Amino acid sequence: MTQPTPPRIQLVNTPDYREGYANSVQVRVNLWDFFLMFGRVNQTAADNVAIHNFQGIYVSPQQAKALLNVLQQNVTQYETAFGEIKLEPQAGGGIVQ
């Protein structure tokens, strides 16, 4: 028995496609989906931090788990090539984003 030929995958960017930089990701979860909110941290003083959220994305629980797996694979490859990524808490807050 022969294996079926896998489909060709074509990536097409829609007219509203944008790329951005995020150094903050917040996650909210409910029974039906995961909500990922992306933003940029802006610290104007030692005691003043603002997070400017610019994009929210809903994904299914299945897609969230697939994302977890692909991110883990890519982080492992990155650390193999460049060394361990260390997470350090933000000064005074103890929060890693």
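Residues numbered from 1 in each chain as written. Predicted model: local features only at pLDDT ≥ 70, side-chain atom pairs only at ≥ 80, totals over all residues. Heavy atoms only, no water.

## Concerning the overall build of the chain
Then, in step 1: Regarding its fold elements, the chain presents 1 helix and 3 strands.
Then, in step 2: Along the chain, helices and strands appear, N-terminal first, in the series β-β-β-α.
Then, in step 3: Here the C-alpha radius of gyration of the chain, 18 Å, is well above what a compact globule of 97 residues would show, namely 13 Å.
Then, in step 4: Taken along the three principal axes of its C-alpha coordinates, the chain extends 65 × 35 × 30 Å.
Then, in step 5: Buried residues in the chain amount to 8% of all 97 residues.
Then, in step 6: Carbon and sulfur atoms provide 56% of the accessible area of the chain, an area that totals close to 9,000 Å².
Then, in step 7: Each charge class in the chain was averaged separately, 6 positive and 7 negative side chains, and the resulting centres sit 9 Å apart. (Helix = DSSP H or I, 4+ residues; strand = E, 2+ residues; numbered from the N terminus. Rg over C-alpha atoms; globule rule 2.2 N^0.38 Å. Buried < 20%, exposed > 50% of the residue type's maximum accessible area, 1.4 Å probe, protein only. Areas by Shrake-Rupley, 256 points an atom, 1.4 Å probe, with all protein chains shown as cover. Lys, Arg positive; Asp, Glu negative; His and termini not counted. Charge placed at Lys NZ, Arg CZ, Asp CG, Glu CD.)

## Examining helix H1 (residues 61–82)
For an α-helix, the turn length of 3.6 residues means that residues three or four places apart are oriented alike.
Then, in step 1: Between its first and last C-alpha, H1 extends 31 Å over 22 residues, near the 32 Å set by a 1.5 Å rise per residue.
Then, in step 2: One or two positions beyond H1, positive phi appears at glycine 83, with a value near 105°. (Expected span 1.5 Å × (residues − 1).)

## What about the pairing of strand E2 (residues 34–45)?
Consecutive side chains along a regular strand alternate between the two faces of the sheet.
Then, in step 1: In this sheet, E2 lies alongside strand E1 (residues 24–29) in antiparallel orientation, the contact comprising 6 bridges. Paired with valine 27 across the strands is leucine 36, a residue of E2.
Then, in step 2: Where E2 meets strand E3 (residues 48–59), 11 bridges bridge the pair, whose relative direction is antiparallel. Counterpart to phenylalanine 38 in the pairing with E3 is glutamine 55.
Then, in step 3: Turn length for the E2-E3 hairpin, with the two strands adjacent in sequence and antiparallel, is 2 residues. (Pairing = 2+ DSSP bridges.)

## A few points about the pattern of salt bridges
Then, in step 1: Tallied over the entire structure, the rule returns 1 salt bridge.
Then, in step 2: We note a salt bridge from glutamate 84 to lysine 86, for which the minimum N-O separation is 3.6 Å. This pair shows no difference in class: glutamate 84 is exposed, exactly as lysine 86 is. (Salt bridge = Lys/Arg side-chain N within 4 Å of Asp/Glu carboxyl O.)

## Some remarks on the sheet that holds E2
Then, in step 1: Spatially, the 3 strands line up as an open sheet ordered E1-E2-E3, and their pairing is antiparallel. Edge positions in the sheet fall to E1 and E3, since each of these pairs with one other strand and no more. Averaged over all adjacent pairs, the angle separating strand axes in this sheet is 25°, with direction ignored. (Axes fitted to C-alpha atoms, helices over the stretch in contact; angles between N-to-C directions.)

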